[in-house]
Amino acid sequence: MDPLASINPYVSLKGSPQLREIYQKLPANSTRFLRYKGVQQSSDPSERLLIFEFETHAISNIKSQYSALSYTWGHPVLENFKDDMSHAVICSGKRMPIGLNLGEALQHIYIESDISPPLLWVDAVCINQSDLAERAQQVSLMTSVYSNTSNVVVWLGKDDKDAHEAHALLSEYTPALKEIASEMLLGNSDVGFGPGMVNIYDDAKLHEKYHLTQKTMDSWAALVRFLSRRWFGRIWIVQEMVFNRSHLICCGPLRFSWADLDSFVSLVFGAQWHGLNFRGFEKETSKIARVFTFHREIRISASDYANDNPRFSLLSPEGKLYDFAQNYLLSSAFLEATDPRDRVFALSAFVNAYAGKLNVKPVWLRADYTLQAAEVVLRTAQVLLWKTRSLDMLSYVPDLSYRTQSDLPSWMPHFHVPGAVASVESLLDMHQGQKYHAGSLSSSVPTFSDVYLHMDSPGQELESQGYLLDTVEDVVHFESGLLSTLEICLTLPPNYTNGQPPVEVLWRTLIAGRTDLAFPAPADTADDFAKFVKAGLIGIALEALGATNRETLTRILVVLNEIETRCPHPSMPTVNEFNDTLGAVLGDLDGTIRMLTALHANSTYRTMISPTHWGQKGKAVFRSRKGLLGLSPHSTQIGDEVWLLKGANVFHILRKVDDGSTETILLGEGYVHGFMEGEALRLDGMGYSPVVIR
């Protein structure tokens, strides 16, 4: 029995006595196809039913003689749509209920357009969803189904005003973008090459040069909504698009090119060629860019996967296979799946394909829909830890306050929970994050982890070797405000363990020691920090003045005076400098608005600390008993421990289990300033000891 049968609307339908008889047992390596026979008028005058007959063929015998449909089971746009499955087709003489979106797709393919393939493969109909053995067997054939089809018909849903607006915008702008990119690569352009260097949104001269009609924000908003349709964010479409390069992308009568969509998104949303004034859609455009980037990367890796981490070159072929699998599983976590188990099962095709290139027989969980979702992801996590000998996976556990299933071990990422892994904002995913090597003396000569999994224990404990660096003595959350963050400087020693002054230690820690281009961060990053602090303090002061809040104004002056007295730094304003700035601000409010806007727009430091730190899914700042400063999970408390697990690239924050045992639970990853390049390994008395994580 499928424990998640309730989330699959086709399970109960296909299990009915009326339909059960048309689903005969399939021969090995075969599947069913739909052959279109025409239209039948139903008893309802408004309903015309499409008629199909099932045909069973070995996939290898029917190569390029059929089309395969790629679509979403639910509503193509709405997230929480309850489908009553009131649409239907006639299949092998029986009335078969189907979902709204599938019904509209079939109507378009066979009635409203000239697509009309003689044979069509549709997962919801061609697979008996109530037969768990068949379902699992057919999932293993998905690669063959899509790689052998003549083309993939993509159905994005019916067209609407947003789709037409998006189609018009893309048709006009995409050729110009390709021309601009080409000129840049040839050095013939008068604009630089790189993120944000082109403003395709409101640069009048650019529009004139390339004969473009400037679009309103409403048009761009329509494009964003169109590219946010649910099909783009589904996990199964990855293999549907990767294993076959012939795509017919339909949104009602509109047609789109995947190559053109990818080119547009990579430049406008990925490289941010929309300029600084394109605001309000940061979250949506970031996800859209992420979807297309993932498709691009997995398409490349399907033929030649290569990890630029030095550790990868030292792996055996088997190790490289599971490194690939782990990377895919983590990087695809933001994609959606109706069935959470498909986050693992959808990966099988790529694991098997890459294993074939490496001549390795993979140990991988086969599709089995009798298993609970937690059991599927737990078995997968155990295999990856065992085979990769890497602890990177531990960086993707959700914050303690977001763990929805307490019976899972604390070290396991919640792959089966939508958005859980993608929301973690791991240090390893940040720009330059792959350069951390806290557990190795050199990034080019990494240390592998020693991991033992207690797979037969009810607690599924993970045992490793680790070094207790220190214990947390204070925790500051970013939500407590800029002043609380700046006050951290006053709790640090005059000279940090690496000789840096307190203010420098703070600004480096807040950005995890790196910029978008370098690790460690260059010294002139302090100038960006100064702008960030200036804008923040002015904003706090103006808000306090508006609310007649003398207490906050006094606190600003006290904090600045204390820093000026005890740990002065060029990036921190003195009390007199702040008073002069505030006086100038009050004398020219219009100029103030322009100044603050400029400071915010040009503050690269602000972009470096966001969104990694804000909110419960982000990081907190901690200070240890020995005066070390770092970043830790939001749920970190005083008394939690900062551990370096053998071979780990980052630190991990552990909490002792309050039951008298020596076991711990994992809160998440941590950054410790001055210790991310193997410095802890050189400490006097440093030595590993066993550590058990529940």
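Refer to the structure printed above.
For the structure given in this document, a descriptive report is provided here. Being a predicted model, the structure only gives us computed values, none of them experimental. (Residues numbered from 1 in each chain as written. Predicted model: local features only at pLDDT ≥ 70, side-chain atom pairs only at ≥ 80, totals over all residues. Heavy atoms only, no water.)

1. Concerning the overall build of the protein
Step number 1: What the protein contains, in helices and strands, is 24 helices and 17 strands.
Step number 2: For 694 residues, the compact-globule estimate of 2.2 N^0.38 gives 26 Å, and the protein sits close to it at 28 Å.
Step number 3: Dimensions along the principal axes, computed over C-alpha positions, put the protein at roughly 85 × 65 × 50 Å.
Step number 4: Scored against the burial criterion, the 694 residues of the protein give a buried share of 56%.
Step number 5: Carbon and sulfur atoms make up 51% of the accessible area of the protein, which amounts to about 29900 Å² in all.
Step number 6: Of the charged side chains in the protein, 61 are positive and 78 negative, and the gap between their average positions amounts to 5 Å. (Helix = DSSP H or I, 4+ residues; strand = E, 2+ residues; numbered from the N terminus. Rg over C-alpha atoms; globule rule 2.2 N^0.38 Å. Buried < 20%, exposed > 50% of the residue type's maximum accessible area, 1.4 Å probe, protein only. Areas by Shrake-Rupley, 256 points an atom, 1.4 Å probe, with all protein chains shown as cover. Lys, Arg positive; Asp, Glu negative; His and termini not counted. Charge placed at Lys NZ, Arg CZ, Asp CG, Glu CD.)

2. Quick word on the packing of helix α7 (residues 161-186) against helix α9 (residues 217-227)
When two helices pack together, their arrangement is captured by the angle between the axes and the distance separating the axes.
Step number 1: Look at α7 against α9: their axes get within 8 Å of each other, and the N-to-C directions meet at 105°. On the basis of the axis angle, α7 is roughly perpendicular to α9. Together, Asp162, Ala163, Glu165, Ala166, Leu169, Leu170 and Tyr173 of α7 and Ser219, Trp220, Ala222, Leu223, Arg225 and Phe226 of α9 make up the contact between the two elements.
Step number 2: For the contact of α7 with α9, the class distribution of residues is nine nonpolar, one polar and three charged. (Axes fitted to C-alpha atoms, helices over the stretch in contact; angles between N-to-C directions. Parallel < 35°, antiparallel > 145°, perpendicular 65-115°, else oblique. Contact = heavy atoms within 4.5 Å. Nonpolar A, V, L, I, M, F, W, Y, C, P; charged D, E, K, R; others polar.)

3. Here's the deal with the pairing of strand β5 (residues 94-98)
Step number 1: Strand direction decides the pairing type here: strand β4 (residues 87-91) and β5, joined by five bridges, are antiparallel. Bridging across to β5, Ala88 finds its partner in Pro97.
Step number 2: What sits between β4 and β5 in their antiparallel hairpin is a turn of two residues, with Ser92 showing a positive phi close to 50°. (Pairing = 2+ DSSP bridges.)

4. Examining the pattern of salt bridges
Step number 1: This model, assessed by the stated rule, comprises 22 salt bridges.
Step number 2: Between Asp162 and Arg225 there is a salt bridge, with its nearest N and O atoms 2.7 Å apart. Taken as a pair, Asp162 in helix α7 and Arg225 in helix α9 lie far apart in primary sequence, 63 residues in all.
Step number 3: Owing to a relative accessible area of 18%, Asp162 belongs among the buried residues under this scheme.
Step number 4: For Arg225, a relative accessible area of 45% puts it in the partly exposed group.
Step number 5: A salt bridge links Arg566 to Glu562, with the nearest nitrogen and oxygen atoms 3.0 Å apart. (Salt bridge = Lys/Arg side-chain N within 4 Å of Asp/Glu carboxyl O.)

5. Describing helix α11 (residues 258-270)
Step number 1: Spanning 13 residues, α11 covers only 16 Å between terminal C-alpha atoms, well under the ideal 18 Å at 1.5 Å per step.
Step number 2: Among all positions in α11, only Trp258, Leu261, Asp262, Ser263, Phe264, Val265, Leu267, Val268 and Phe269 are buried.
Step number 3: Of the residues flanking the start of α11, the one acting as N-cap is Ser257, its side-chain oxygen 3.3 Å from the backbone nitrogen of Ala259. (Expected span 1.5 Å × (residues − 1). Polar contact = N/O pair within 3.5 Å; in protein donor to acceptor, adjacent residues only side chain to side chain.)

6. Description of the environment of Leu321
Step number 1: Residue position: Leu321 is located in helix α14 (residues 317-331).
Step number 2: Counting along the chain gives 109 residues from Leu321 to Leu212, while the straight-line C-alpha distance between them is 47 Å.
Step number 3: For Leu321, the contacting residues outside a window of four places in its chain are Val351, Tyr354, Ala355, Leu358, Val360 and Pro362.

7. Looking at the sheet that holds strand β6 (residues 119-121)
Step number 1: Pairing is mixed across the open sheet formed by nine strands, whose spatial order is β5-β4-β2-β1-β6-β3-β7-β8-β9. Strands with a single pairing partner mark the edges of an open sheet, and in this sheet they are β5 and β9 (254-256). With strand direction ignored, the average angle separating the axes of adjacent strands in the sheet is 35°.
Step number 2: Sheet strands touched by helix α3 (residues 100-112): β1 (30-41), β2 (48-58), β3 (67-70), β4, β5, β6, β7 (151-155), β8 (247-251) and β9. Its angle to β2, the strand with the most contacts, is close to 90°.

8. Looking at helix α17 (residues 373-388)
Step number 1: Over its 16 residues, α17 runs 22 Å from end to end, which matches the ideal 22 Å to within 8%, given 1.5 Å per residue.
Step number 2: Within two residues after α17, Arg389 carries a phi angle of roughly 55°, on the positive side.

9. Brief notes about the pairing of β8
Step number 1: Bridge count between β7 and β8: four bridges; the pairing is parallel. Counterpart to Trp155 in the pairing with β8 is Cys250.
Step number 2: Sheet analysis places β8 next to β9, joined by three bridges and oriented antiparallel. Counted as the bridge partner of Cys251 is Leu254 from β9.
Step number 3: The hairpin turn running from β8 into β9, its antiparallel successor, is two residues long, and Gly252 in that turn takes a positive phi close to 60°.

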